[in-house]
Each structure stands twice: as structure tokens, then as C-alpha cells.
Amino acid sequence: MTTWRFSFSPALCCRLQPMAAASSSESSPPPLPAAPLAAFASLLAARRFAAAKAALPTLLTPRLLAVPFPDLAASSLPRGAPPHAVAAFHDMLLRAYADAGAADRAAEALDRTVSLLGCLDPRSLTSSLLSLRRAGHLAAAADLLRRALTSCPDSVSPLSASIVVDGFCKSGRIAEARQLLDEMPGHGLKLNALCYNSLLDSYIRKKDSERVAEVLKIMQDEGIEATVGTYTILVDGLSAAGEMNKIEAVVDEMKRNNVIGDVYFYTALINAYCRAGNVRRASEIFDECVDNGIEPNEHTFGALINGFCKIGQMEAAEMLLVDMQARGVGHNQIIFNTMIDGYCRKGMVDNALKIEAAMEKTGIELDVYTYNTLACGLCRVNRMNEAKNLLHIMIEKGVAPNYVSYTTLISIHCKEGDMVEARRLFREMTGKGATPSVVTYNVMMDGYIKKGSILEAERFKKEMEKKGLVPDVYTYASLVHGYCVNGKLDVAQRLFEEMEQRGIKPNVVAYTALISGLAKDGRSEEAFRLYDDMLRAGLTPDDSLYSALVGSLHTDRNKGTLRQTN
């Protein structure tokens, strides 16, 4: 809670003395209890500001909120009220109206305060704008800001403007934020980087490079110095675009301008290098951060741990976990989930399960991502029953399964040949709000193909397309393989051609299935032609494919001469 303090010059107090007397005669009191805020006004007169502030929220009933502020002031402030009480009454009511989300009353209080006192406390304006923003009354906050700019521009600070601008940006109303900012200089308000950072961040997130350049040009032309926050926003945006050269240019400019990095800047920079796969440089930046006396937080550690996990350096990630603990930085769900994912990718599932146990012991919640990652890791090492049990435990603990959970369970049942249970789960998931993805359909199709039900797999492909899902390379590879196994090479070739016509590049599975099918059928010329295409696509065939091709040369039923190969 902010402590409100009031100090007024003797000259201002002299001005307030006759004004306080006049205020009650300017408007007739509404039909309310006599002096509804008399007790509140008495506390102010006695300079008991803290007690008055604490009492006001309960005194300001919905009935009083319906009363115009000038009427409420006239009926509550006694004739001859001391100037400090009059000033505090207006100031506190302005804030209280904003806290209550009563935008119209706040506007009346602002107008009346400026009219009566000739000034407005900048802190009161800032607080009121924050309250209106929190209540979602952004248009009202912008109106209040504009009123203050028009009637009492000295009360408006860059911070006040940035509160409303940031609110519009966070709500996706970027045009309104830009319009408000463009109005500010016309009222004599000198803007700073804080005002532009939110707008810059919004344009970067929308990947509107033209607008980003425009804002940076405005800042440069107006002599507005970029802050560490500005540079952090730029690093984040350029990182998402993978433009590491530009990031390094930003860092160089920051150093030339003697802007000191903070923990958020270093975290953004570490994350950028990790994204680019340069974990070594990210580690150097981490060390630089610590050497500069900046304590890394959980996000800083998390970014670097994620970088090490992605490249499989789990020992380095473990060392960072220990370092976190030594520095008193708490482990959180995201970091533990990252570690679990790293271990599972390396096939170190038992280590991942130890992290799960540590999470439970320390009271960190296991979410659906935790369970899914562990289940997938167990499946990779062929521990299917453990994966199934884990997902059932998840459901028992009240964690709702998502499409990944269902797809994993369906995949397990398909591999076990239990298509009845796989199909039941497939139909159940839609009713549970977990919409099947392309991967889910692919798993079902592959399961049916392995059971020899190629027509059922085709039905799933048609259903998938009917629902607006686009088959991917795995969809086609599975079907091509299925038709080849069933000896329907013409259908397999048609699907292979359909895949290429849709702009989907065949993978090793699709090429291998069709080439092997053609080779076994003695169609060596077509098989070798497709094999050449596979090599040109940069794909590496396995030994079984070589054997199939060689075998086809002895069973070619169309030609009696061997194909000359280089």
C-alpha cells in the first residue's frame, strides 16, 4: 500500500481557506444523510491521514459512488474546513474512485481538484491511472490522462503516460497506444524510453520491422536515450528471428552508450545464444553477469540449463542446479521439467524419475508436461507398462490429460496390438476436450497398417482431412509402407506422387518402403530411378535397401540386361 503524504505551501493554504467555504454553496447537497463523509473529513482535519485512508473504502458505499463528486464534497466538508483537509479530501477521493473503478467519479474529482486547488499531485494521478488499468478501464484511464494533460500538464509524468500506453499494448490495442503517445509532445510532455519500450515490444512481437525502425528513429530524433529495458526488448526480438549478428551489434551499441546490463538483459542474451546453439558463448555471458556483481535469478539459470539440456550436456546442467541451490535461488517447475526432458532425450530415464521424486518431495507440482515427458521417455526405452501406469496415476491425481497424453497412451496400445482400446481412447479424447492432432491420426493409422487393416487406415486419413488436418510426411510414409507390404504398389506410387504434389518431401521411410516394394516386385528400373531421387534429396539409404536393390536385378521381369551403374 502506498503511503499518502500531503504538504502545501502557506500561499496555497491561504487560497484554500475561502475556497473551502465557497465549495458548499456552489451546488445543492443531494438527498443523503447529513454530511455522509463527515467522520472522514474530521479525521483529515485532525491530520489523521492514515486512519482516514483506512476508513474510506468502507464509507464509500455504492450509494455514495452514485453521487456526483461536487455534491458529495459540498455535503461532507464543513464550512471553514482547514485547507489541508480540503486538499486531502479531494486527493483521497480521486484515488478511491479509481480504486473502485468509478471512472466518471474519478474524472469529476480530477476536474474539481484542479479547479479548486490549481494543481494535482502527480502521485495521485499515477496511482489512479494504475487502478483504472488494473480494473480494465483503459479508455477511462486514457481520458483521465488527457484531462490532466489539458488542465494540469505539470501533474503528468512520463511514468503516468507509460502506464496507459503499456496497458493498451498488453491488451493488443497498439493503435490506441501509438495515438496516445503521438499526442503527448503536443501538450509539452517530454517522453522517455519507458514510454516507447512497450510500443517497441509490441511491434517486435508482431514482427513489424517497419514500425520497430520507425519507433527507434523517433527516439533518436527526439534525443531519447535507450535504456537497458530497450536493449533487452531488442535482444529478445532479434533472438526470436535468429539474427545473432544484429544482437551483437546491439550489445556493442549498448557498451558504447555506457548502459549497464541488468539481470533481465543478461538472461535475454543467454537465452539468445542458447537458441542459436552457441551454449559456450551463453556460458561466457553467464560468467560475465556474475563477475559484474549481478545475481542470476531462476530465469537466468533456466535459460542456460535449457541450453545444456538441448545439446545433451546433462552434467553441466546438473552443476548449474547445484550452483542455484548454493546461491539460494529456488528450483521451480520449469527448470525441473527442463531437466526431465533433457534426461529423457538422452535415454537417462531413471535420472528423470529421480527429478520427479525430488519435485514431489519439495512440493513442486507435477503438471501434464512433466507426466507426458516422462511417459514419452519411458516409451523410448521400451518401458511401456511404466509409461501407462504413470499416465493413469496422473489422471488419478486430478491432472487432466491433453492430446499428447492420449496420443502416448494410444501409441502404447497400438504397439501392443490392442486396437480396440486404442480406438476407444481416440474417441474418448475429443469428449474430454483433447482434440486429436495429425500425430494422433498417424499413430492410429500406423497401428491399423501393422495389423493389416489398410482400409481402416485410409478411413482415418479421410476423417483427418475432413476435419481440416493436413496429412504430413509420416501419414504418407505409413500408407506407402502399408500398401507396399500388401503388394498394392500402384496405390503406393499414387500416394507417393500425391505427397510430392502437395509439396511434402518424402522421408527415408517413404523412399525405402516404395523402393523395396518395387525391387521385390522385380521392377528394378523404377526402383533404381527412385533410389537416385533419394540420393539427390540428400537422404542416406540403409543396408537393407542395398540388398533389396541387388536382389531385384535377378528377378527383373521386364528386362534381361543388367542396369549399368556408376
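Everything below is about the structure printed above this text.
Quick notes on the rules
- Residues numbered from 1 in each chain as written.
- Predicted model: local features only at pLDDT ≥ 70, side-chain atom pairs only at ≥ 80, totals over all residues.
- Heavy atoms only, no water.
- Salt bridge = Lys/Arg side-chain N within 4 Å of Asp/Glu carboxyl O.
- Buried < 20%, exposed > 50% of the residue type's maximum accessible area, 1.4 Å probe, protein only.
- Axes fitted to C-alpha atoms, helices over the stretch in contact; angles between N-to-C directions.
- Helix = DSSP H or I, 4+ residues; strand = E, 2+ residues; numbered from the N terminus.
- Parallel < 35°, antiparallel > 145°, perpendicular 65-115°, else oblique.
- Left-handed = near helix turned anticlockwise from the far one by under 90°.
- Contact = heavy atoms within 4.5 Å.
- Nonpolar A, V, L, I, M, F, W, Y, C, P; charged D, E, K, R; others polar.
- Polar contact = N/O pair within 3.5 Å; in protein donor to acceptor, adjacent residues only side chain to side chain.
- Expected span 1.5 Å × (residues − 1).

Draft legend 1. Inspection of the pattern of salt bridges at higher detail. Inspection of every chain in the model, using the stated rule, returns 38 salt bridges. Measuring nitrogen to oxygen at the nearest pair gives 3.2 Å for the salt bridge that ties Arg327 to Asp323. On the basis of relative accessibility, which here comes to 30%, the residue Arg327 falls in the partly exposed class. Among the charged side chains, a network of salt bridges with common partners joins Lys461, Glu465, Arg494, Glu498 and Arg502.

Draft legend 2. How the structure looks around the packing of helix H9 (residues 138-151) against helix H10 (residues 158-170). H10 packs onto H9 with a crossing angle of 155° between their chain directions and a minimal axis gap of 10 Å. It follows that H9 is roughly antiparallel to H10 by the angle criterion. At the point where H9 passes H10, the crossing takes the left-handed sense. Facing H9, whose interface residues are Leu138, Ala139, Ala141, Ala142 and Leu145, H10 presents Ser160, Ala161, Val164, Gly167 and Phe168. Looking at the contact of H9 with H10 residue by residue, the class counts come to 8 nonpolar, 2 polar and no charged.

Draft legend 3. Representation of the environment of Tyr403 in the model. With respect to the helices, strands and loops of the structure, Tyr403 is situated in helix H24 (residues 403-415). In this structure, the C-alpha to C-alpha distance between Tyr403 and Phe426, residues 23 residues apart in sequence, is 9.6 Å. In this structure, Tyr403 is in contact with Met429, Ala434, Thr435 and Ser437, ignoring residues within four places of it in sequence.

Draft legend 4. Geometry of the side chain of Asn197. Note on placement: Asn197 falls in helix H12 (residues 193-205). A polar contact of 3.4 Å, which involves the side chain of Asn197, links it to the side chain of Thr227. Non-local contacts of Asn197, meaning those with residues more than four positions away in its chain, are made with Thr227, Gly229, Thr230 and Ile233.

Draft legend 5. Expanded view of the packing of helix H2 (residues 38-45) against helix H3 (residues 49-59). Axis separation between H2 and H3 bottoms out at 8 Å; the angle between their running directions is 165°. As summarised for this structure, H2 and H3 are arranged roughly antiparallel, according to the angle between their axes. Crossing of H2 over H3 shows left-handed handedness. Residues Phe40, Leu43 and Leu44 of H2 form the contact with H3, whose participating residues are Phe49, Ala51, Ala52, Leu56 and Leu59. For the contact of H2 with H3, the class distribution of residues is 8 nonpolar, no polar and no charged.

Draft legend 6. Region of interest: helix H16 (residues 263-275). Taking 1.5 Å as the rise per residue, H16 with 13 residues should run 18 Å; its terminal C-alpha atoms sit 18 Å apart, in good agreement. Among the 13 residues in H16, 10 count as buried, and that is most of the element. Restricting attention to buried positions, one finds in H16 the residues Val263, Phe265, Tyr266, Thr267, Ala268, Leu269, Ile270, Ala272, Tyr273 and Cys274. The inward-facing, buried residues of H16 abut helix H14 (228-240), helix H15 (244-256), helix H17 (279-291) and helix H18 (298-310). A positive backbone phi angle near 85° is found at Gly277, which sits one or two residues after H16.

Draft legend 7. Region of interest: the side chain of Arg105. For Arg105, the location among the structural elements is in helix H7 (residues 103-117). For Arg105, the side chain forms a polar contact with the side chain of Glu108, separated by 2.7 Å.

Draft legend 8. H12, seen in detail. Given a rise of 1.5 Å per residue, 13 residues ought to cover 18 Å, and the 18 Å separating the end C-alpha atoms of H12 matches this to within 8%. Within H12 the residues assigned to the buried category are Ala193, Cys195, Tyr196, Asn197, Ser198, Leu199, Leu200, Ser202, Tyr203 and Ile204. Where H12 is buried, its residues contact H10, helix H11 (174-183), helix H13 (209-221) and H14. Where H12 begins, the capping side chain belongs to Asn192, and its oxygen is found 3.1 Å from the backbone nitrogen of Leu194. Phi turns positive one or two residues past the end of H12, at Lys207, with a value near 60°.

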